[in-house]
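The chain contents come next:
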Amino acid sequence: MINDCSFVGETLLKYMPNSIRKQHIKRTRSLWDKTFGILYKILRTQSDIYHVHYLLQDCYLTLRLKKGPIIGHAHGSDLRTTMKHRVWGRIVRYNLMNCDRVIVSTPDLLPIARRFRDDVLYLPNPVDTQVFYPKPPIEHSGKKRVLIADACNWITKGTDKAIRALSKIRDDVEVSIIRYGVDFDRTLALANSLGLRLNILPKVPHEKVREYYWNADVVVSTFVGYLPIVPLEAIACGRPVIAYVSSKYPEYRDFPLKDLIEEEELAEAIMGADINLWRKEYEYFEKYHSPDRVVERLLSIYNELIDCKSG
């Protein structure tokens, strides 16, 4: 396993059978570590499968070193934005066309990747259910406690839409937001202009975020049509999630709330979110995103590649 994204690689490795010998090659964002450092680490490895997260330099170097079979795992920004870059876009396209197999983490990425090859597969993101698990809601008599858990980014997360929807019910909710994301300051300014008070939470290590989920009554997530890792973690922690999930993706046919896009209906859904909604969302989560199910699907892909190589 080379590199990672949102701890997906770590979770996949953690839930693989003990009979599989595993190695996770990680790197920092330092110039050395993401160039010559990662090159040296990959060069020293010998493996039956090379599973690379993000279709960027890690994947390119693995290909150029003629390692294989190679799975390129796209997570979003590599296909949505980086591929449009004049220089980096060439690397993403090269990786797309030359990996032995390409998998994507959200269904919106499928049509992008399939412009270059038709065998791309969707692998749902797993959530570590030993870290993120349900706890009963904390009973209280106050306003409904709402957590905005995703990074503040108006383009990729739709945080501004969440703020506008919550401002319509500002007298009935207590809203908390984590201090991170490129649009954090803009988000605070927007909330202030709409009379919505925000309780600012410090950014914490990944495993500590579950405390924020457990202290909320409902988690408001992304408004971009697909489900990234954060809303899945919130569902795993026992909290209903309000997000815009598009019905145009058949992969979400079993998700209970779809096509919530207008601010008024989002506000209504936030106020109506309860244990019954969570049970339906958790049923979807267990069916598609439980780590054991995802790993089982991934191992079938591994075995298929190994059989092709030996054949």
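Residues numbered from 1 in each chain as written. Predicted model: local features only at pLDDT ≥ 70, side-chain atom pairs only at ≥ 80, totals over all residues. Heavy atoms only, no water.

**Re the pairing of strand 3 (residues 101–104)**
The condition is simple: Relative accessible area decides the class of each residue, using a 1.4 Å probe on protein chains only: under 20% of the type maximum gives buried, over 50% gives exposed, and in between gives partly exposed. Numbering of helices and strands starts at the N terminus; helices are DSSP runs of H or I of at least 4 residues and strands are runs of E of at least 2. Between any two strands, pairing holds if DSSP finds at least two bridges.
Residue alternation in strand 3 divides its side chains into two sets, Arg101 and Ile103 and Val102 and Val104, and both sets are buried. Where strand 2 (residues 70–74) meets strand 3, 4 bridges bridge the pair, whose relative direction is parallel. Across the sheet, residue glycine 72 finds its bridge partner in strand 3, namely valine 102. As paired elements, strand 3 and strand 4 (residues 121–122) share 2 bridges and run parallel to each other. Bridge pairing in strand 4 places valine 104 opposite tyrosine 122.

**As for the packing of helix 7 (residues 159–167) against helix 11 (residues 263–272)**
Here is the rule: An axis is simply a line fitted to the C-alpha atoms; with a helix, the fit covers only the stretch in contact. Between two such axes, the angle follows the N-to-C directions and lies from 0 to 180 degrees. Should an angle fall under 35 degrees it is called roughly parallel, over 145 degrees roughly antiparallel, and 65 to 115 degrees roughly perpendicular, with every other angle called oblique. Note on convention: the crossing is left-handed when the near helix lies turned anticlockwise from the far helix by less than a right angle, right-handed when the turn is clockwise. Note on definitions: a residue-residue contact is assigned when non-hydrogen atoms from the two residues lie within 4.5 Å.
Look at helix 7 against helix 11: their axes get within 8 Å of each other, and the N-to-C directions meet at 70°. One element, helix 7, and the other, helix 11, form an angle in the roughly perpendicular class. Where helix 7 crosses over helix 11, the handedness of that crossing is right-handed. Together, Lys161, Arg164, Ala165 and Leu166 of helix 7 and Glu263, Leu266, Ala267 and Ile270 of helix 11 make up the contact between the two elements.

**Remarks on the packing of helix 10 (residues 229–236) against helix 12 (residues 275–288)**
Packing of helix 10 against helix 12 leaves a shortest axis separation of 9 Å and a crossing angle of 115°. Between helix 10 and helix 12 lies a crossing of left-handed hand. Judged by residue contacts, Leu232, Ile235 and Ala236 of helix 10 engage Trp278, Glu281, Tyr282, Tyr284 and Phe285 from helix 12.

**Description of the side chain of asparagine 95**
Note the threshold: Contacts described as polar in this section are N or O atom pairs within 3.5 Å, which, within protein, must combine one atom able to donate a hydrogen with one able to accept it, while residues neighboring in sequence count only if both atoms come from side chains.
Mapped onto the elements, asparagine 95 comes out in helix 5 (residues 88–98). Assessed through its relative accessible area of 0%, asparagine 95 is described here as buried. At 3.0 Å, the side chain of asparagine 95 and the backbone oxygen of leucine 55 are in polar contact.

**Some words on helix 12**
Keep this limit in mind: Residue count minus one, scaled by 1.5 Å, sets the expected span of a helix. For this quantity, the arc is that covered by the directions from the helix axis to the C-beta atoms.
Between the first and last C-alpha of helix 12 there are 20 Å, a value that for 14 residues agrees with the 20 Å anticipated at 1.5 Å per step. Listing the buried residues of helix 12 in full gives Leu277, Trp278, Glu281, Tyr282, Tyr284, Phe285 and Tyr288. Down the axis of helix 12, the sector holding all buried residues measures 160°, keeping them to one side. Every exposed residue of helix 12 that faces more than 90 degrees away from the buried side is listed here: Lys280 and Glu283. Its side-chain oxygen placed 3.1 Å from the backbone nitrogen of asparagine 276, aspartate 274 serves as the N-cap of helix 12.

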